[in-house]
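Each chain is listed here by its residues.
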Amino acid sequence: MIKVIGLTGSIATGKSTASKYLEALGCTVIDGDVIAREVAEDPRVLRRIGSTFGGKVLDDEGKLRRKKLGALVFNDEDALKKLNKIMHPAIRSKIKEQLETLKDRSQNQTKNRFQLEKSLNCVVIDGALLIEMNLHPWVDEVWVVAMKKDEQVRRLMERDGISKTDARKRIEAQMSTEEKKKFADVVLDNSKDPEYLKEQIVRELSRLKEQ
Ligand SMILES: Nc1ncnc2c1ncn2[C@@H]1O[C@H](COP(=O)(O)OP(=O)(O)O)[C@@H](O)[C@H]1O
Ligand SMILES: [Mg+2]
């Protein structure tokens with residue numbers, strides 16, 4: 001049996017930390033950030049970015065100048081919309097493709113061997129924008145990593161080396177944790193130590209296994 005978990009949450013709530021635990025517990029993780037980076041290297045995508053934002057966002061080799069593009073879209077909602085319109089469909093289809101490959105593989109494995117015990121084959125989509133990009137209809141369960149905003153600000157400042165103002169800005173530019181929780185089948189509380197997060201993940205995975 002294969003189960004697909006959509007792991008999401010606001011920036012710096014602990015999605016990557018949770019993914020790492022899920023991977024250690026045997027799940028296969030599709031990392032939305034890695035896919036977004038790969039898509040941003042696709043020559044067809046780069047050409048569209050170049051023609052939309054001008055050659056200044058590409059370097060001499062035609063690679064993306066991330067900082068330049070970031071600065072362009074950071075304070076300009078229209079520009080961000082344009083960029084998302086180029087990036088999101090490409091990210092979506094790449095995630096779908098990987099998901100289908102993993103599902104096929106899992107089905108073949110099940111066909112090929114006797115299963116003496118209930119085994120759980122789990123795939124995790126780690127995506128900050130899982131809901132915004134409408135990926136949640138593809139998953140069996142949505143798991144939202146959540147915590148109080150004060151601590152989120154602190155962790156984001158420390159991880160990315162940014163000011164409190166910038167950290168707040170980045171958090172407020174995204175869908176709030178409260179909003180995301182409305183879509184959640186499971187809310188993982190990451191307000192305490194990482195071990196506490198891990199305990200919840202172990203518990204939820206064994207629940208899934210019993211289903
Ligand atoms: N329970 C925790 N206690 C302390 N620091 C944590 C905890 N969980 C995550 N962190 C740290 O907070 C930062 C954000 O976590 P991360 O997993 O990168 O978030 P996300 O992937 O959601 O952006 C990282 O530096 C991470 O090491
Ligand atoms: Mg992350």
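Parameters at a glance
Residues numbered from 1 in each chain as written. Chains lettered and ligands numbered in written order. Predicted model: local features only at pLDDT ≥ 70, side-chain atom pairs only at ≥ 80, totals over all residues. Helix = DSSP H or I, 4+ residues; strand = E, 2+ residues; numbered from the N terminus. Rg over C-alpha atoms; globule rule 2.2 N^0.38 Å. Buried ≥ 20, exposed ≤ 12 C-beta atoms within 10 Å, placed from the backbone. Near = placed C-beta within 6 Å. Nonpolar A, V, L, I, M, F, W, Y, C, P; charged D, E, K, R; others polar. Pairing = 2+ DSSP bridges. Contact = placed C-beta atoms within 7 Å. Core = buried A, V, L, I, M, F, W, Y, C linked by C-beta atoms within 7 Å. Axes fitted to C-alpha atoms, helices over the stretch in contact; angles between N-to-C directions.

Q: Whenever I open this one, the overall build of the chain confuses me. Can you help?
A: Along the chain, the regular secondary structure elements total nine helices and five strands. Since a compact globule built from 211 residues should have a radius of gyration of about 17 Å, the 19 Å found for the chain is in line with a globular shape. Within the chain, buried positions represent 25% of all 211 residues.

Q: For this particular structure, what's the right way to read the site of ligand 1?
A: Around ligand 1 there are 14 residues in total, and Lys 15, Ser 16, Thr 17, Arg 155 and Arg 159 lie nearest to it. Listing elements by their share of the shell around ligand 1, those giving two or more residues are helix H1 (15-24), helix H6 (149-160) and helix H9 (194-210). At three residues, the largest contribution of residues to the shell around ligand 1 is made by H1. Residue composition of the shell around ligand 1, by class: four nonpolar, six polar and four charged.

Q: Just checking my understanding: could you explain the pairing of strand S3 (residues 121-126) for this structure?
A: Walk down a regular strand and you will see the side chains alternate between the two sheet faces. Taken across its six residues, S3 has five buried, putting it largely inside the fold. As paired strands, strand S1 (residues 2-8) and S3 are joined by six bridges and run parallel to one another. Opposite Leu 7, over in S3, you have Asp 126 as the bridge partner. Note: strand S2 (residues 28-31) against S3, four bridges, orientation parallel. Of the residues in S3, the one forming a bridge with Thr 28 is Val 123.

Q: I'm lost on the environment of Leu 69 in this one. Help?
A: Structurally, Leu 69 can be placed in helix H4 (residues 66-74). Residue classification places Leu 69 among the partly exposed residues on the basis of 18 C-beta atoms within 10 Å. Each C-alpha atom, one on Leu 69 and one on Phe 53, is 8.1 Å from the other, the two residues being 16 residues apart in sequence. Setting aside anything within four residues of it in sequence, one finds Leu 69 in contact with Phe 53, Val 57 and Leu 64.

Q: Even after reading the chapter, I still don't get unusual backbone geometry, so can you show me in this structure?
A: Glycine aside, the phi torsion of most residues is negative, and most peptide linkages are trans. Positive phi outside glycine occurs at Ala 12, with the angle close to 65°. Inspection of the secondary structure puts Ala 12 in the loop between S1 and H1. Within the chain, Asn 134 stands out as a residue other than glycine whose phi angle is a positive 60°. Following the sequence through the fold, Asn 134 ends up in the loop between S3 and strand S4 (141-146).

Q: Looking at this model, I keep getting lost on the nonpolar core. Mind explaining?
A: In this structure, Ile 5, Ala 18, Val 124, Ile 125, Trp 143, Val 144 and Leu 188 are the most contacted members of the largest nonpolar core, which totals 29 residues. Put simply, the parts of the chain that give this core at least two residues each are S1, H1, helix H2 (32-39), helix H5 (77-112), S3, S4 and H9. The dominant element in this core, judged by the number of residues it contributes, is S4, at five residues. Here Leu 188 is in contact with Ala 18, Trp 143, Val 144, Val 145, Ala 146, Leu 197, Gln 200 and Ile 201, once residues within four sequence places are set aside.

Q: Got a minute to help me understand the sheet that holds strand S5 (residues 186-189) in this structure?
A: The strands making up a sheet associate through hydrogen bonds between their backbones, and the pairing can be parallel or antiparallel. Overall, parallel pairing links the five strands, which are arranged S2-S3-S1-S4-S5 in an open sheet. Of all the strands in the sheet, the pair left with one neighbour each is S2 and S5. Adjacent strand axes in the sheet meet at a mean angle of 25°, parallel and antiparallel pairs treated alike. This element, H1, spans S1, S2, S3, S4 and S5 of the sheet and lies at about 165° to S3. With respect to the sheet, H2 is in contact with S2 and S3, its orientation differing from that of S2 by roughly 45°.

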